[in-house]
Amino acid sequence: MRNLENIPACSDCFTINSIFKDLTEEQLNTLTFEKGCNYYKRSNIIYHERNRISGVYCVNQGIIKLYKTGIDGREQIIKFAQKGDVIGYRSILSNELACTTAKVIEDAVLCYIPSSIFIKLVEENNSFSMQIMRLSLKELGEANKFIIDIAQKTVRERLAEVLVILKDTFNLDENNYLKVSLTREEIANLVGTATESVIRLLSEFKSDNYIELNGRKIKILNIDALIKLGRIK
């Protein structure tokens, strides 16, 4: 991690439906003055679960994975954060320890907002409070859906769904490759299964001409087949 000399302007992220887009000019100026921004390399840990954090983080560049660690030490990836996303806010608002670990998987620039500033914005700006509430409910809905999927879908169906989710989250490049590079273990941690199972199923998907594999890179060949297989409505 290193400090940035040139602090990114908050307005740079407003095109990504930022929760801060409804701040007043005065509040935005306060936010710009009070925040700090740092550059993080791949594999850097932003914060650990069950630790106290003292502020929230806004992603300006890069990709962060949020995960929980199971009893056996295996990660369960909860979600990814990228440009315009905010992480750590739940622990600040609930005054609880961090419920996830945040780890950089693509070199990132993160802006840090002290908890006192963040809570003041929530208290003073109703529109901002509503944005936070909507974000919380959206993440709750995603968590509920994941629980149902784990209980009712096969590993093959969940892998197909994960590939569709990755496509919708990160988009495809001009050659139809996912714009995110994940290890087989990370994909397994998303699906909620063993790495060996994911390796075998990815090979089957390749044989079925659903995808093409090039190292860590995954090319989507038949998105409709994956949607059907994943039982995605």
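Everything discussed here concerns the structure shown above.
Residues numbered from 1 in each chain as written. Predicted model: local features only at pLDDT ≥ 70, side-chain atom pairs only at ≥ 80, totals over all residues. Heavy atoms only, no water.

Participant: Can you help me understand the pattern of salt bridges in this one?
Facilitator: Between side chains of opposite charge, a pair can form when the charged atoms approach closely. All chains considered together, the criterion is met by 17 salt bridges. A salt bridge links Glu 142 to Lys 138, with the nearest nitrogen and oxygen atoms 2.7 Å apart. With Glu 142 and Lys 138 both in helix α4 (residues 126-152) and four residues apart, this pair spans about one turn of that helix. You can call Glu 142 partly exposed: its relative accessible area is 40%. One salt bridge in this structure joins Lys 153 and Glu 161, with 3.2 Å as the shortest N-O distance. Residue classification places Glu 161 among the buried residues on the basis of a relative accessible area of 6%. (Salt bridge = Lys/Arg side-chain N within 4 Å of Asp/Glu carboxyl O. Helix = DSSP H or I, 4+ residues; strand = E, 2+ residues; numbered from the N terminus. Buried < 20%, exposed > 50% of the residue type's maximum accessible area, 1.4 Å probe, protein only.)

Participant: Explain the pairing of strand β2 (residues 36-40) to me, please; I cannot follow it from the model alone.
Facilitator: A regular strand carries its side chains on alternate faces of the sheet. Counting buried residues in β2 gives four out of five residues, a clear majority hidden from the surface. Summarising the sheet, β2 and strand β7 (residues 101-114) pair through five bridges and their orientation is antiparallel. In the strand pairing of β7, Tyr 40 is matched with Ala 108. (Pairing = 2+ DSSP bridges.)

Participant: Any chance you could explain helix α3 (residues 115-124) here in plain terms?
Facilitator: Structurally, the α-helix is built with 3.6 residues per turn, so residues lying three or four positions apart point the same way. If you check which residues of α3 are buried, you get Ile 117, Phe 118 and Leu 121. On an axial view of α3, the arc spanned by its buried residues comes to 100°, and they lie on one face. More than 90 degrees from the buried face of α3, the exposed residues found are Ser 116 and Glu 123. Here the buried face of α3 lies against α1 (25-34), β4 (55-69), α2 (89-94), β7 and α4. (Arc of directions from axis to C-beta. Contact = heavy atoms within 4.5 Å.)

Participant: Please clarify how a nonpolar patch on the surface should be interpreted in this entry.
Facilitator: On the surface, Met 130, Met 133, Leu 137 and Leu 140 cluster together into a nonpolar patch covering about 390 Å² of accessible area. Here Leu 137 lies in helix α4. (Patch = residues over 30% accessible without salt bridge, like charges linked within 9 Å, V, L, I, M, F, W, Y side chains within 5 Å. Areas by Shrake-Rupley, 256 points an atom, 1.4 Å probe, with all protein chains shown as cover.)

Participant: In this structure, what is going on with unusual backbone geometry? I would like to understand it.
Facilitator: Note: most residues except glycine have negative phi, and most peptide bonds are trans. Although it is not a glycine, Asn 95 sits at a positive phi angle of roughly 55°. By the secondary structure assignment, Asn 95 is in the loop between α2 and β7. Classification of Asn 95 as exposed rests on a relative accessible area of 60%. Not every positive phi belongs to a glycine, and Arg 231 is a case in point at roughly 55°. Examined against the element boundaries, Arg 231 turns out to sit in the segment after α8 (223-229).

Participant: What should I look at first to understand the pairing of β4 in this one?
Facilitator: With respect to burial, β4 is a largely interior element, twelve of its 15 residues being buried. Two elements, β4 and β7, share eleven bridges in a ladder whose sense is antiparallel. Across the sheet, Gln 61 pairs through a bridge with Val 109, a residue of β7. Note that β4 and strand β6 (residues 86-87) share two bridges and pair antiparallel.

Participant: Help me out: how do you make sense of the side chain of Glu 161 in this one?
Facilitator: Note that Glu 161 resides in helix α5 (residues 155-170). Side-chain polar atoms of Glu 161 contact the side chain of Lys 153, separated by 3.2 Å. Apart from residues no more than four positions distant in its own chain, Glu 161 is found in contact with Lys 145, Asp 149, Lys 153, Gly 230 and Ile 232. (Polar contact = N/O pair within 3.5 Å; in protein donor to acceptor, adjacent residues only side chain to side chain.)

Participant: How do you make sense of the nonpolar core when you look at a structure like this?
Facilitator: The nonpolar side chains of a soluble globular protein tend to be buried, and buried together. Counting residues in each nonpolar core, the largest one holds 34 residues, and the members touching the most others are Phe 20, Tyr 47, Ile 64, Ile 87, Leu 110 and Phe 118. Residue assignment for this core shows that the elements contributing at least two residues are β2, β3 (45-47), β4, β6, α2, β7, α3 and α4. Not counting residues up to four positions away in its chain, the partners in contact with Tyr 47 are Ile 53, Tyr 57, Leu 66, Ile 87, Gly 88, Ala 98, Thr 100, Thr 101 and Ala 102. Formed by 30 residues, the second largest nonpolar core is a distinct cluster that contains Tyr 67, Leu 201, Ile 211 and Ala 225. (Core = buried A, V, L, I, M, F, W, Y, C linked by side-chain atoms within 4.5 Å.)

Participant: Sorry, what's going on with the packing of aromatic side chains here?
Facilitator: Any aromatic ring pair is given by two values, namely how distant the centres are and how the planes are angled relative to each other. This structure, assessed with the given rule, holds six aromatic pairs. Note on Phe 20 and Phe 128: the rings are 5.3 Å apart at their centroids and 25° apart in plane angle, and the pair reads as stacked. Highlighted residues: Phe 20 in the loop between β1 (2-3) and α1 and Phe 128 in helix α4, separated in sequence by 108 residues. Like Phe 20, the residue Phe 128 is buried in the burial classification. A cation over a ring is seen here: Lys 217 above Tyr 177, with NZ or CZ 4.5 Å from the ring centre. (Phe/Tyr/Trp six-rings, centres within 6.5 Å; stacked < 30°, edge-to-face > 60°. Lys NZ or Arg CZ within 6 Å of the ring centre and 35° of its normal.)

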